[in-house]
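Chain by chain, the residues run as shown.
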Amino acid sequence: SQKIEQNSEALNIQEGKTATLTCNYTNYSPAYLQWYRQDPGRGPVFLLLIRENEKEKRKERLKVTFDTTLKQSLFHITASQPADSATYLCARVTDKLIFGTGTRLQVFP
Amino acid sequence: EPEVTQTPSHQVTQMGQEVILRCVPISNHLYFYWYRQILGQKVEFLVSFYNNEISEKSEIFDDQFSVERPDGSNFTLKIRSTKLEDSAMYFCASSEEGRDNEKLFFGSGTQLSVL
């Protein structure tokens, strides 16, 4: 079956460091992947979309890569801040948006 | 920025009762969705809706669930006879054209507790 998985349930890093989150997919080749942020008790908020023919996409301190050989997307937050603490979801698009399990990021001062 | 709004924010009901969760999607959006998230678990797709019809539904969306666009602004999810395992956060979402490369806008959710 088609799967999208985020390997790390939680990631703790120190303020100022770069956070790197991983999303892997199996048994299909998505044309797009999306990344969302979810705060506790809130709905997901869209951050970035990357196409299969794009190696990298940036938005301010955020960077997403897409490696179709490894079937993997990496999500980076540079110069991380405590306000970046949240759960980050990758999502595959077929005819509907399907989310991975999410990685809970905690940035401590 | 325009928002998807959901009411109520919390709903408590007795097992076996019917509940209706309400959503007002963004006004120029044409595609509407319901997702749910059981505490500590992933956000799961329930159903998508376009042009007054269900376009896709998951295996979770059984005969106990229904969706409706009763007027030009509201989009509702009805659970006919609630079960304990229906307790979850329910999110409504909308998108403009339903394209694969389009982002979804989510509401803040309705926390449903079935007792």
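Residues numbered from 1 in each chain as written. Chains lettered and ligands numbered in written order. Predicted model: local features only at pLDDT ≥ 70, side-chain atom pairs only at ≥ 80, totals over all residues. Heavy atoms only, no water.

Asks: Please clarify how the nonpolar core should be interpreted in this entry.
Replies: Here is a general trend for soluble globular proteins: nonpolar side chains tend to be buried in one another's company. By size, the foremost hydrophobic cluster in this structure holds 42 residues, and its most contacted members are Y36, F75 and F99 of chain A together with Y35 of chain B. In contact with Y35 of chain B, not counting residues within four places along its chain, are L97 and F99 of chain A together with V43, E44, F45, L46, M89, Y90, F91, L104 and F106 of chain B. Residues V4, W34, F75 and A88 of chain B belong to the second largest nonpolar core, which totals 23 residues. (Core = buried A, V, L, I, M, F, W, Y, C linked by side-chain atoms within 4.5 Å. Buried < 20%, exposed > 50% of the residue type's maximum accessible area, 1.4 Å probe, protein only. Contact = heavy atoms within 4.5 Å.)

Asks: How should the pairing of strand β8 (residues 72-77) of chain A be read in this particular structure?
Replies: Remark: a regular strand shows side chains that alternate across the two faces of the sheet. Residues and elements named next belong to chain A. In this sheet, β8 lies alongside strand β3 (residues 19-26) in antiparallel orientation, the contact comprising six bridges. Residue N24 lies in a different strand from β8, and its bridge partner there is Q72. In terms of strand pairing, strand β7 (residues 62-67) meets β8 through six bridges, oriented antiparallel. Its bridge partner being in β8, V64 is matched across the sheet by F75. A loop of four residues connects β7 with β8, the two strands running antiparallel in sequence, and K71 in this loop sits at a positive phi of about 55°. (Pairing = 2+ DSSP bridges. Helix = DSSP H or I, 4+ residues; strand = E, 2+ residues; numbered from the N terminus.)

Asks: Any chance you could explain the interface of chain B and chain A here in plain terms?
Replies: By a widely used convention, the size of an interface equals the accessible area lost when the partners come together. Listed per partner, the contact involves 16 residues of chain B and 21 residues of chain A. Taking both partners together, chain B and chain A bury about 1600 Å²; carbon and sulfur atoms supply 56% of that area. Looking only at chain B, the three residues that lose the most surface to chain A are K42, D100 and N101 of chain B, adding up to 31% of its buried area. Taken together, the connections running from chain B to chain A amount to one salt bridge. (Buried area = accessible area lost by both parts, 1.4 Å probe. Salt bridge = Lys/Arg side-chain N within 4 Å of Asp/Glu carboxyl O.)

Asks: Even after reading the chapter, I still don't get the environment of S94 of chain B, so can you show me in this structure?
Replies: Residue and element names in this part refer to chain B. By the secondary structure assignment, S94 is in strand β9 (residues 88-95). The spatial distance from the C-alpha of S94 to the C-alpha of V24 is 9.2 Å, given a sequence separation of 70 residues. In this structure, S94 is in contact with V4, P25, I26, H29, Y31, F32, Y33, K103, L104 and F105, ignoring residues within four places of it in sequence. A polar atom in the side chain of S94 sits 2.7 Å from the side chain of H29. (Polar contact = N/O pair within 3.5 Å; in protein donor to acceptor, adjacent residues only side chain to side chain.)

Asks: Please clarify how the pattern of salt bridges should be interpreted in this entry.
Replies: Where charged atoms of side chains with opposite charge meet at close range, the side chains can pair. Residues and elements named next belong to chain A. A complete count under the given rule lists seven salt bridges over all chains for this structure. Here R37 makes a salt bridge to D39, at a shortest N to O gap of 3.1 Å. Its relative accessible area of 26% is what places D39 among the partly exposed residues.

Asks: Looking at this structure, I do not really get the packing of aromatic side chains. What am I missing?
Replies: Pairs of aromatic rings are described using the distance from one ring centre to the other and the angle between the two planes. Summed over the entire model, instances satisfying the criterion amount to 15 aromatic pairs over all chains. Note on F75 of chain A and Y88 of chain A: the rings are 5.4 Å apart at their centroids and 35° apart in plane angle, and the pair reads as tilted. A residue pair is termed long-range when its members are at least 10 positions apart, and F75 of chain A in strand β8 and Y88 of chain A in strand β9 (residues 86-93) qualify at 13 residues. Per residue, the accessibility class of F75 of chain A equals that of Y88 of chain A, and both read buried. A connected cluster of aromatic rings, assembled from ring pairs, spans Y36, F46 and F99 of chain A together with Y35, F45 and F106 of chain B. (Phe/Tyr/Trp six-rings, centres within 6.5 Å; stacked < 30°, edge-to-face > 60°.)

Asks: Please explain the side chain of Q6 of chain B as it appears in this structure.
Replies: Residue and element names in this part refer to chain B. For Q6, the location among the structural elements is in strand β1 (residues 5-7). Note on Q6: relative accessible area 11%, which makes it buried. Among the polar contacts listed, one links the side chain of Q6 to the backbone oxygen of Y90, at a separation of 2.9 Å. A distance of 3.0 Å separates the side chain of Q6 from the backbone nitrogen of G109, its partner in a polar contact. Sequence-distant contacts of Q6, that is, excluding residues within four places in its chain, are made with R22, C23, W34, Y90, F91, C92, G107, S108, G109 and T110.

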